[in-house]
Amino acid sequence: MASGMEIDEENNNNNENKGGMWDLEQKLDQPMDEEAGRLRNMYREKKFSTLLLLRLAYQSLGVVYGDLGTSPLYVYNNTFPRGIEDTEDVIGALSLIIYSLTLIPLLKYVFIVCRANDNGQGGTFALYSLLCRHAKINTIPNQHRTDEELTTYSRTTFHEHSFAAKTKRWLEAYPFRKNALLILVVVGTCMVIGDGILTPAISVLSASGGIKVDHPKMSNDVVVVVAVIILVGLFSLQHYGTDRVGWLFAPIVLLWFLLVGGIGIFNIWKYDSSVLRAFSPVYIYRYFRRGKRDGWTSVGGIMLSITGTEALFADLAHFPLSAIQLAFTVIVFPCLLLAYTGQAAYLMQNKDHVADAFYRSIPESIYWPVFVIATLAAIVASQATISATFSIIKQALALGCFPRVKVVHTSKEFLGQIYIPDINWILMVLCIAVTAGFKNQSQIGNAYGTAVVIVMLVTTLLMTLIMLLVWHCHWAVVLIFTVLSLVVECTYFSAVLFKIDQGGWVPLVIAAAFLLIMYVWHYGTVKRYEFEMHSKVSMAWILGLGPSLGLVRVPGIGLVYTELASGVPHIFSHFITNLPAIHSVVVFVCVKYLPVYTVPEDERFLVKRIGPKNYHMFRCVARYGYKDLHKKDDDFEKKLFDNLFMFVRLDTMMDGCSDSDEYSLYGQQTQHSRDYNGNSSTTNIELSYSSMDSIAPVRCHPQGNNTLTSSGHESNQTEIDELEFLNSCRDAGVVHILGNTVVRARRESRFYKKLAIDYIYAFLRKICRENSVIFNVPHESLLNVGQIFYV
């Protein structure tokens, strides 16, 4: 992770008195501020026509509601694993399901939590990014005031003495609280990864169980083999992406909802319409009074009716909130209520069939068509959860909480659709192991419930902070929301605790493993960043070397990749200490991620000059959001140089405009220019304007050596400007200089620190992708600089 864009040490004391040039900068910035405000509000003000809204709501069925919609396959089986003794228990269980669906997915998520999106992005990391913009809680201080001027960096302000301000100061007071919040977010992330393993296992296994219903003598091993084959096929097709088969998802899920809703109506009419009395909450009280401990533990099975709700929030980015709300209230919610009520009506007459309640309740004439649709719906549900897992790992990767892995875009139209090969195969192996190991949906359901309820608890705690810091709700409203949510979710949590030894330990083990990996990686990243910050080279040292840096300046451009956005990194001093030459132009390239969902292309690069002009040293910061994919494609280097050349043009234009004796001017300028094709574009560039030295002319000798002069006059050579010099250096060759750092724990460090740094972190760095691969640096243009530092 990189630091925020800061003023170099040579600029620190020279920005207080900017005079007329500062006024000019403010005038240039003003239109940008208005445009930024317009863009920030465009998403909120966008109105959808009725026809478009209906189409988006229809499409959201296949992406968002697959997991939630397949829950009727296994809820009653997991609620009554030992069978039904009293038919009144069916009424009580149905009443619990009705109010669970109403309180959690409908009221809490669809109408409250989904409104806490980050410019349309959902999930735990989206909530965390919102909090990072409203409070300084990021464990790696990688923000700068220029980042707050991004059009996507939307945030609200609050009064200094408000309750929100007090909460903000409380969070920022101690590093322990920041780390605790990060761990909370990482725990939620690990549980979502657990969902990505358990959802395909329980959905596909439950759907495959329909074969055994029609053939009772069939061995359960056959069902498991069929489920494993489907899972292998599902994970093997992930590299194609959801975009190619996405057009199938919506009609499958819509047909599924209509089928289960219609079957529910048929069963209510045919078997027992008295189950409708379950809409009275009185039966919940009677259920717990009659069942006591067994009734309490059965809540762990009932909560499977709301699994997929967390995926609903995570997949929010694909559709507008109004479309998701419309689809849930018109199609999903009523069809699910009818499905559960219909199964309850069937069980009132056939309580011995609870193990296969869904398939037993299907009319015989449509059994096999429903079986096929159920299997396809289970695959869709699995696909949605797997895609959400990829997205949340990408977010963790962007925030420095996950080892570097390969991320592939599967769609040119939808940036959110990605594929991570390494994670895909890990998920497949773990999913098959869970399916083949448990062989029944009951124990997998216990594990699934544990993962889901912990994600919901994490979301509730994060929402409490969102309501205080972002929405500025009154503390009483926040208290009511938090207490009501915790009462319901802690009830579920206490129920699943009784089933830890019956499969509930699986997500805890999986989450613990991923939590260890993510936290150790983040810890090592923080320590490496702190070392870079403390060991960076002062500008006084660079200036003392002179224009040639005390070395031979060879033709070409050296791109020095660093995690710092201020000062000269230690890797550079290490490089020039051991080698007698450096390139004629040096550009320090910093790629950093911000707590925003995306950074617009025209605001991605910040450029500034380091030292006097005749040093030809620059800094370029490339900024990305957690949804952006930095794959260092062919355009990255071109865009970097385009922004560098634009900076030089602006710097040349403004040279001599100031009558002050200041050394530098630091700010943002917006230049409307024309690209090579004649199209209008806006380039957002960070200027460092120097009035001490004029642009130094460069003499190009036939041998290729460059001699810099400070007089500004040519001697026996044609005068060329800095742009021509940069172009000639670019033609001479570009070399990518990367640091190959090794992190070690000090000898006096404690045992756990040595274990984390010397073994776990070192192993993760060894197996993860190199920076040269991530930046797609050609092998012939790569120069690694090795160094060891102790933490």
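Residues numbered from 1 in each chain as written. Predicted model: local features only at pLDDT ≥ 70, side-chain atom pairs only at ≥ 80, totals over all residues. Heavy atoms only, no water.

Looking at an unreviewed UniProt entry, the protein carries the name Potassium transporter, with the source organism given as Anisodus tanguticus. UniProt, in the comment section headed Sequence similarities (unreviewed entry), describes the protein in these words: "Belongs to the HAK/KUP transporter (TC 2.A.72.3) family." Listed in UniProt under the heading Function (unreviewed entry), the comment for the protein reads: "Potassium transporter." (UniProt positions renumbered as here; feature names shortened; annotations may be inferred.)

With that out of the way, let us pick up the overall build of the protein. Counting its regular elements, the protein contains 27 helices and 12 strands. Here the protein holds 791 residues, and 57% of them are scored as buried. Accessible surface computed for the protein: about 32,800 Å², of which carbon and sulfur atoms make up 59%. (Helix = DSSP H or I, 4+ residues; strand = E, 2+ residues; numbered from the N terminus. Buried < 20%, exposed > 50% of the residue type's maximum accessible area, 1.4 Å probe, protein only. Areas by Shrake-Rupley, 256 points an atom, 1.4 Å probe, with all protein chains shown as cover.)

The next point concerns the packing of helix H7 (residues 163-173) against helix H19 (residues 441-469). How two helices sit against one another is set out by the angle between their axes and by the gap between those axes. Where H7 meets H19, the axes come as close as 8 Å, and the angle between the chain directions of the two elements is 130°. By the angle between their axes, H7 is oblique relative to H19. In this structure, H7 contributes Phe 163, Ala 164, Thr 167, Lys 168 and Leu 171 to the contact, and H19 contributes Leu 465, Leu 468 and Leu 469. Grouping the amino acids of the contact of H7 with H19 by side-chain chemistry returns six nonpolar, one polar and one charged. (Axes fitted to C-alpha atoms, helices over the stretch in contact; angles between N-to-C directions. Parallel < 35°, antiparallel > 145°, perpendicular 65-115°, else oblique. Contact = heavy atoms within 4.5 Å. Nonpolar A, V, L, I, M, F, W, Y, C, P; charged D, E, K, R; others polar.)

Moving on, we get to the packing of aromatic side chains. For the structure shown, the criterion picks out 20 aromatic pairs. Measuring from ring centre to ring centre gives 5.4 Å for Trp 256 and Phe 358, while their planes differ by 45°; the resulting arrangement is tilted. Separated by 102 residues along the polypeptide, Trp 256 in helix H11 (residues 242-270) and Phe 358 in helix H16 (residues 357-360) bring together distant segments of the chain. Geometrically, the ring pair formed by Phe 266 and Trp 269 is tilted, given 6.1 Å between the ring centres and 45° between the ring planes. Placement of both Phe 266 and Trp 269 in helix H11 is noted, with a separation of three residues, approximately one turn of the helix. What makes Phe 266 partly exposed here is its relative accessible area of 30%. (Phe/Tyr/Trp six-rings, centres within 6.5 Å; stacked < 30°, edge-to-face > 60°.)

Here helix H10 (residues 220-236) spans 25 Å end to end across 17 residues, near enough to the 24 Å set by a 1.5 Å rise per residue. Turning to H10, its buried residues number three or more, namely Val 223, Val 224, Ala 227, Val 228, Ile 230, Leu 231, Leu 234 and Phe 235. Down the axis of H10, the smallest arc covering the buried residues is 165°, so these residues share one side. (Expected span 1.5 Å × (residues − 1). Arc of directions from axis to C-beta.)

For the rest of this paragraph, the subject is the nonpolar core. Counting residues in hydrophobic clusters, the biggest one holds 163 residues, and the most contacted among them are Tyr 65, Tyr 76 and Tyr 359. Apart from the residues lying within four places of it in its own chain, the contact partners of Tyr 65 are Ser 60, Phe 257, Leu 312, Ile 324, Ala 327, Phe 328 and Val 332. Counting 30 residues, the second-largest nonpolar core is a separate cluster that includes Ala 398, Tyr 597, Phe 605 and Cys 620. (Core = buried A, V, L, I, M, F, W, Y, C linked by side-chain atoms within 4.5 Å.)

Next up on the list: the pattern of salt bridges. Summed over all chains, the structure comprises eight salt bridges. In this structure, Lys 168 and Glu 172 form a salt bridge, with 2.9 Å as the shortest nitrogen-oxygen distance. With Lys 168 and Glu 172 both in helix H7 and four residues apart, the pair spans about one turn of that helix. Residue class for Lys 168 comes out partly exposed when judged on its relative accessible area of 22%. Taking the shortest distance from any N to any O, the salt bridge between Glu 601 and Arg 604 comes out at 3.0 Å. One connected set of salt bridges, linked through shared partners, spans Glu 601, Arg 604 and Lys 639. (Salt bridge = Lys/Arg side-chain N within 4 Å of Asp/Glu carboxyl O.)

So, about the environment of Phe 235. Take Phe 235: it is sitting in helix H10. For Phe 235, a relative accessible area of 0% corresponds to the buried category. For Phe 235 and Leu 427, which are 192 residues apart along the polypeptide, the C-alpha to C-alpha distance reads 8.3 Å.

What follows concerns the packing of helix H8 (residues 175-208) against helix H18 (residues 421-438). H18 packs onto H8 with a crossing angle of 50° between their chain directions and a minimal axis gap of 9 Å. Put simply, H8 runs oblique to H18. Relative to H18, H8 is oriented so that their crossing is right-handed. Of the residues in H18, those in contact with Ile 193, Ile 197, Leu 198, Pro 200, Ala 201 and Leu 205 of H8 are Leu 427, Leu 430, Cys 431, Val 434 and Thr 435. Among the residues making up the contact of H8 with H18, the classes are represented as 10 nonpolar, one polar and no charged. (Left-handed = near helix turned anticlockwise from the far one by under 90°.)

Moving on to a nonpolar patch on the surface. There is a patch of nonpolar side chains on the surface, built from Phe 163, Trp 475, Leu 479, Val 483 and Val 487 and spanning about 500 Å² of accessible area. Considering every element that reaches the nonpolar patch, the biggest residue donor is helix H20 (residues 475-497), with four residues. Mapped onto the fold, Val 483 is located in helix H20. (Patch = residues over 30% accessible without salt bridge, like charges linked within 9 Å, V, L, I, M, F, W, Y side chains within 5 Å.)

As a further point, take unusual backbone geometry. For His 472, which is not a glycine, the phi torsion comes out positive at approximately 60°. Residue position: His 472 is located in the loop between H19 and H20.

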